[in-house]
Amino acid sequence: MDYKEFSPESLMMSYAYNAEDHQGSIKCPLYQTSTFVFQSAEEGKAFFEIAYGLRAKCPNEKLGMIYSRLNNPTLDLAEKRLAAYEGAEEALFFSSGMGAISTTVLTFLKPGDVLLYASPVYGGTEHLFNHALPGFNIGIVKFYAGETEETIINRVSKEFPGKKPKIIYIEVPGNPTNSLIDIEMCARLAEHYKEGDCKPLLVVDNTFLGPVFQHPLQHGADISLYSATKFIGGHSDLVGGACVGFSNPICEIRVMRSFLGSMMDPHSAWLVLRSLETLKIRMEQQAIGAAKVAEHLAKHPKIERVSYLGLLKNGEQGKDIYDKQCSFSGSMISFYIKGGEKEAYQFLNNLHLFKLAVSLGSTESLAEHPATMTHIDVPDDEKQRLGINEQLIRLSIGLEKPEDLIKAIDEAFRKVG
């Protein structure tokens, strides 16, 4: 049977798993063990050579289990299924989204290198790039949605003469404003900086829309990266991260993960396997609900503007990018309330049914104030440039009935002002 003939949502139930190898268990068992027994010393040597990147696997050779910091059967299956969802060669899970991001960039950046990234990104990512990496003598250059390739190239040349980026990193849609960056444009930037066989690695944080509504690898990305805590986990009961891509970079990241110790634990991997089975139906239902909520918000007299991909009109910035690389608008909504922090807090403090909490992509709807919560560490001038001001509120729409969410929103607005 050629599993490539089937859709990803079908593969999540059975791909890469043989019940006969696990006492007939219809679901993969949770292998809650720290270490594994070798059949021989020679087998142990062979496994370690592969795990430490000392040699490539021989044809038909399999990497056996060694130690749960390196590999684990439950985790191995979760990674194979995530790779299948994106049609990728390899996938890795991490202990958190920041674990995935930091392990990936530290694999390929060394002192003296340059990272080029698109702003905005998640607040933790912004802190890593602008506060932690410069301490390792890594140069940082940022660009913004709507800027041309020429503008970006000139900025890199001006800030770091004679140097080329080692990594191009984008988060699309951007958190928390739903800004859109053209993945194919960034792939062309990578080609521009190519020297021989070496070119910058294009990394795309695909958390808001992937792996269901956007597929960066199909548009020229090398790595599709996630906070698996969000939609992939989807139940607010695990913390995790993931990256998906081609074998060569993923294998290098796997080696770095082993030594940084940023691997996902077996129990979280087991929960991820559960969540992957319902990923598409959850994301689709959440997106349908979000569309109804966004349309209502767009007409509300106490709102200045709504940032939601499904409301983009022809001619607006980002609409052509959305049509090219996104198949649906997702379930993240940001809006600007009339007033300021006082009115935003009045709304949030009186908002029922939603949970006042950070994170996103889970079954329950969440609301937060980015400027003073997830993005509090972003410098004030950068916040203003990005539109992360006191008026901005971010909603993550869950699986509640959208009409009930709208009732809760209207009731909260009645308490504002």
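In this report, the structure presented in the accompanying data block is examined.

Things to note about the overall build of the chain
Okay, so step 1: When helices and strands are counted, the chain shows 15 helices and twelve strands.
Okay, so step 2: On C-alpha atoms alone, the chain measures out to a radius of gyration of 22 Å, which is about the 22 Å that the 2.2 N^0.38 rule sets for 417 residues.
Okay, so step 3: Viewed in the frame of its principal axes, the chain has a C-alpha envelope of about 75 × 55 × 35 Å.
Okay, so step 4: Going through the 417 residues of the chain one by one, you find that 54% of them count as buried.
Okay, so step 5: Across the chain, contacts joining residues at least 24 apart in sequence account for 72% of those joining residues at least 6 apart.
Okay, so step 6: Split by element, the accessible area of the chain, about 18400 Å² in all, is 52% carbon and sulfur.

Quick word on the packing of helix α3 (residues 73-86) against helix α10 (residues 266-276)
When two helices pack together, their arrangement is given by the angle between the helix axes and the distance between those axes.
Okay, so step 1: The contact between α3 and α10 brings their axes to 8 Å, and the two run at 35°. Taken as a pair, α3 and α10 cross one another with a handedness that is left-handed. Between α3, through T74, L75, L77, A78, R81, L82 and Y85, and α10, the contact on the second element is made entirely by P266, A269, W270, V272, L273 and L276.
Okay, so step 2: The residue makeup of the contact of α3 with α10, split by class, is eleven nonpolar, one polar and one charged.

Examining the layout of surface pockets
Okay, so step 1: The computed volume of the largest pocket comes to approximately 1400 Å³.
Okay, so step 2: Lining the largest pocket are 47 residues, and of these K57, D76, K80, E90 and R254 lie nearest its centre.
Okay, so step 3: Going through the elements one at a time, α1 (8-11), α2 (41-51), α3, β1 (90-94) and α9 (247-260) are the ones with two or more residues in the lining of the largest pocket.
Okay, so step 4: In terms of residue count, α3 provides more of the lining of the largest pocket than any other element does, eight residues in total.
Okay, so step 5: Split by residue class, the lining of the largest pocket holds 25 nonpolar, nine polar and 13 charged.
Okay, so step 6: Roughly 570 Å³ of volume is contained in the second largest pocket.
Okay, so step 7: Around the second largest pocket sit 24 residues that line it, and T177, N178, S179, R305 and S307 are the ones nearest its centre.
Okay, so step 8: Where the lining of the second largest pocket is concerned, the elements lending two or more residues are β8 (303-307) and α14 (380-386).
Okay, so step 9: Among the elements that line the lining of the second largest pocket, the one with the most residues is β8, at three residues.
Okay, so step 10: By residue class, the composition of the lining of the second largest pocket is twelve nonpolar, eight polar and four charged.

Regarding the environment of P216
Okay, so step 1: Note on placement: P216 falls in the loop between β5 (201-205) and β6 (223-227).
Okay, so step 2: For the pair P216 and A91, spaced 125 residues apart in sequence, the C-alpha to C-alpha distance is 14 Å.
Okay, so step 3: Filtering out sequence-adjacent residues up to four positions away, P216 remains in contact with E86, I183, V204, N206, A221 and S224.

Considering the side chain of Q391
Okay, so step 1: Among the secondary structure elements, Q391 is positioned in the loop between α14 and β12 (392-396).
Okay, so step 2: Owing to a relative accessible area of 15%, Q391 belongs among the buried residues under this scheme.
Okay, so step 3: A distance of 2.8 Å separates the side chain of Q391 from the backbone oxygen of I337, its partner in a polar contact.
Okay, so step 4: In this view, Q391 contacts E304, F335, Y336, I337, K338, G339 and G340; residues no more than four positions away in its chain are not counted.

Looking at the packing of aromatic side chains
Okay, so step 1: Summed over the entire model, instances satisfying the criterion amount to ten aromatic pairs.
Okay, so step 2: The interplanar angle of 50° and the centroid separation of 6.1 Å between the aromatic rings of F335 and F413 together place this pair among those described as tilted. One end of the pair, F335, is in strand β9 (residues 332-337); the other, F413, is in helix α15 (residues 402-414), with 78 residues separating them in the sequence. Each member of the pair, F335 as well as F413, carries the same accessibility label: buried.
Okay, so step 3: Linked through ring pairs, F38, F47, F48, Y52 and F259 together constitute an aromatic cluster.
Okay, so step 4: Sitting over the ring of F94, R257 keeps its end group 5.7 Å from the ring centre.
Okay, so step 5: Above the plane of the ring of Y144 lies R385, whose end atom (NZ or CZ) is 3.7 Å from the centre.

Things to note about the environment of G87
Okay, so step 1: For G87, the position within the fold is in the loop between α3 and β1.
Okay, so step 2: Note: C-alpha distance between G87 and P59 (28 residues apart in sequence) is 21 Å.

Remarks on the packing of helix α4 (residues 97-108) against α9
Okay, so step 1: Following both chains from N to C, one finds α4 and α9 inclined at 110°, their axes separated by 9 Å at the closest point. With respect to α9, the element α4 is oriented roughly perpendicular. You can see that α4 and α9 cross each other, and the crossing is right-handed. Note on element contacts: α9 touches α4 through P249, E252, I253, M256, R257 and L260, opposite T103, T104, L106, T107 and F108.
Okay, so step 2: Taken together, the residues of the contact of α4 with α9 break down into six nonpolar, three polar and two charged.

A closer look at the sheet that holds β8
Okay, so step 1: Across the sheet, five strands lie side by side as β8-β9-β12-β11-β10; this open sheet has mixed pairing. Two strands in the sheet have a free side with no partner beyond their single neighbour: β8 and β10 (355-356).
Okay, so step 2: Bridging between β10 and strand β11 (residues 366-368) involves two bridges; their strand directions are parallel. Looking at β11, one finds that K355 is bridged to L366.
Okay, so step 3: Here helix α13 (residues 341-349) sits on the sheet and contacts β9, β10, β11 and β12; the angle it forms with β9, its principal contact strand, is near 130°.

With respect to the sheet that holds β1
Okay, so step 1: Across the sheet, which stays open at both edges, the seven strands sit in the order β1-β7-β6-β5-β4-β2-β3 with mixed pairing between neighbours. Of all strands in the sheet, those bounded by a partner on one side alone are β1 and β3 (139-144). Along the sheet, successive strands turn relative to each other by an average axial angle of 20°, direction set aside.
Okay, so step 2: Docked against the sheet, α3 engages β1, β6 and β7 (241-245), running at close to 125° with respect to β1.
Okay, so step 3: Here α9 sits on the sheet and contacts β1, β5, β6 and β7; the angle it forms with β1, its principal contact strand, is near 25°.

Definitions and limits used
- Residues numbered from 1 in each chain as written.
- Predicted model: local features only at pLDDT ≥ 70, side-chain atom pairs only at ≥ 80, totals over all residues.
- Heavy atoms only, no water.
- Helix = DSSP H or I, 4+ residues; strand = E, 2+ residues; numbered from the N terminus.
- Rg over C-alpha atoms; globule rule 2.2 N^0.38 Å.
- Buried < 20%, exposed > 50% of the residue type's maximum accessible area, 1.4 Å probe, protein only.
- Contact = heavy atoms within 4.5 Å.
- Areas by Shrake-Rupley, 256 points an atom, 1.4 Å probe, with all protein chains shown as cover.
- Axes fitted to C-alpha atoms, helices over the stretch in contact; angles between N-to-C directions.
- Left-handed = near helix turned anticlockwise from the far one by under 90°.
- Nonpolar A, V, L, I, M, F, W, Y, C, P; charged D, E, K, R; others polar.
- 1 Å grid on protein atoms, 1.4 Å probe; cavity = no way out; pocket = protein on both sides within 12 Å on 5 of 7 lines; lining within 4 Å.
- Points joined across faces, edges and corners; volume = space filled by probe spheres on them.
- Polar contact = N/O pair within 3.5 Å; in protein donor to acceptor, adjacent residues only side chain to side chain.
- Phe/Tyr/Trp six-rings, centres within 6.5 Å; stacked < 30°, edge-to-face > 60°.
- Lys NZ or Arg CZ within 6 Å of the ring centre and 35° of its normal.
- Parallel < 35°, antiparallel > 145°, perpendicular 65-115°, else oblique.
- Pairing = 2+ DSSP bridges.

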